[in-house]
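Letter by letter, the chains look like this.
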Amino acid sequence: MLFAVLLFLSSTQVFAQFEKRTWPTNVKVPSIEYTDMSGQLWNWQKFKGKVVVINFWATWCAPCTEELPSLQRLQDLNQNNHLTVLTINHKEAPSKIRQFNAASGFTLPVVADREGDIAKSWGVKIFPTSVILSTEGKPLWIIEGSVDWTSKEILDLL
């Protein structure tokens, strides 16, 4: 019996609690003109007509690395739909990010925010933090903490 319980616990992923709040109406939306580590340009035009999840993370952040697999699944399940995921790594060297992604099998686009300016412009102080943009490019939600991006609660939100 104990073995069955341990097997069950080791096969499930446990996510920390998260806080969800609406984007403040009095906060200016930062401009988006980023180039990811593969050289692809990301801007408002590229996001047009899509729900966008912008995720701020770092390799040293355990809750970040906990939620990345579900973000990858979300993107993989929605490749032909109107949803895209853009990740922004906080203050780490591109070589470290590439090494982490290769070891983890992640293929999500990553913008290296070497100085932390992008996170600062979005008001990010907690990692992970995600901002959900509407199909019109308006920030709707801020989610702080680790999330299962394939859960019913989050899929209904998207």
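Here the structure is a predicted model, which is why all the values come from computation and not from measurement.

Conventions we followed
Residues numbered from 1 in each chain as written. Predicted model: local features only at pLDDT ≥ 70, side-chain atom pairs only at ≥ 80, totals over all residues. Heavy atoms only, no water. Helix = DSSP H or I, 4+ residues; strand = E, 2+ residues; numbered from the N terminus. Buried < 20%, exposed > 50% of the residue type's maximum accessible area, 1.4 Å probe, protein only. Contact = heavy atoms within 4.5 Å. Areas by Shrake-Rupley, 256 points an atom, 1.4 Å probe, with all protein chains shown as cover. Disulfide = S-S within 2.5 Å. Salt bridge = Lys/Arg side-chain N within 4 Å of Asp/Glu carboxyl O. pLDDT = per-residue confidence, 0-100. Arc of directions from axis to C-beta.

Chemist: Pulling in residues and values, what's your account of the overall build of the chain?
Modeler: Scanning the chain for helices and strands turns up 6 helices and 8 strands. Listing the helices and strands of the chain from first to last along the sequence gives α-β-β-β-α-β-α-β-α-β-α-β-β-α. Taken over 158 residues, the chain has a buried fraction of 44%. For the chain, the proportion of contacts with a sequence separation of at least 24, taken over those separated by at least 6, is 67%. Counting only carbon and sulfur atoms, one obtains 55% of the accessible surface of the chain, whose full area is about 8,900 Å².

Chemist: Please give an account of the state of the cysteines that cites residues and values.
Modeler: For the structure shown, the criterion picks out 1 disulfide. Note that Cys 61 is cross-linked by a disulfide to Cys 64, the S-S spacing being 2.3 Å. One quick way to see it: the torsion about the S-S bond of Cys 61 and Cys 64 is about 75°, and its sign makes the bridge right-handed. Cys 64 shares its class with Cys 61; the two are buried.

Chemist: Report on the pattern of salt bridges, specifying residues and quantitative values.
Modeler: Per the counting criterion, the structure on display carries 2 salt bridges. Among the ionic pairs, Arg 21 bridges to Glu 144, the shortest N-O distance being 3.2 Å. You can see Arg 21 sitting in strand 1 (residues 19-22) and its partner Glu 144 sitting in strand 8 (residues 139-144), a full 123 residues away along the chain. A relative accessible area of 31% means that Arg 21 is categorised as partly exposed. A salt bridge links Asp 156 to Lys 152; the nearest nitrogen and oxygen atoms lie 2.7 Å apart. Linking Asp 156 with Lys 152, this pair stays in helix 6 (residues 152-157), spanning 4 residues, or about one helical turn.

Chemist: Any details on the environment of Leu 108? Residues and values, ideally.
Modeler: Here Leu 108 is to be found in the loop between helix 4 (94-104) and strand 6 (110-113). Along the chain, Leu 108 and Asp 76 lie 32 residues apart, while their C-alpha atoms are 9.2 Å from each other. Filtering out sequence-adjacent residues up to four positions away, Leu 108 remains in contact with Leu 68, Leu 71, Gln 72, Gln 75, Val 85 and Thr 87.

Chemist: Break down the confidence of the model for the chain for me, citing the residues and quoting the values.
Modeler: Taken as a whole, the chain shows an average pLDDT of 89; of its residues, 90% reach a score of 70 or greater. Per-element mean pLDDT across the chain ranges from 36 in helix 1 (residues 2-11) up to 98 in strand 6. Ignoring residues within four places in sequence, the model shows residues 1-12, a span with pLDDT below 50, making 0 contacts including any to other chains.

Chemist: Can you lay out helix 4 for me, pointing to particular residues and giving the numbers?
Modeler: Along an α-helix, a turn takes 3.6 residues, which lines up residues three or four apart on a common side. Inspection of helix 4 places Ile 97, Phe 100 and Asn 101 among the buried residues, and these make up the whole buried set. The buried side chains of helix 4 occupy one side of the element, clustering within an arc of 95° when seen end-on. In helix 4, the exposed positions angled more than 90 degrees off the buried face are occupied by Ser 95, Gln 99, Ala 102 and Ala 103. For helix 4, the elements touching its buried residues are strand 4 (51-57), helix 3 (62-77), strand 5 (83-90) and strand 6. In the stretch just after helix 4, Gly 105 is the one whose phi turns positive, near 80°.

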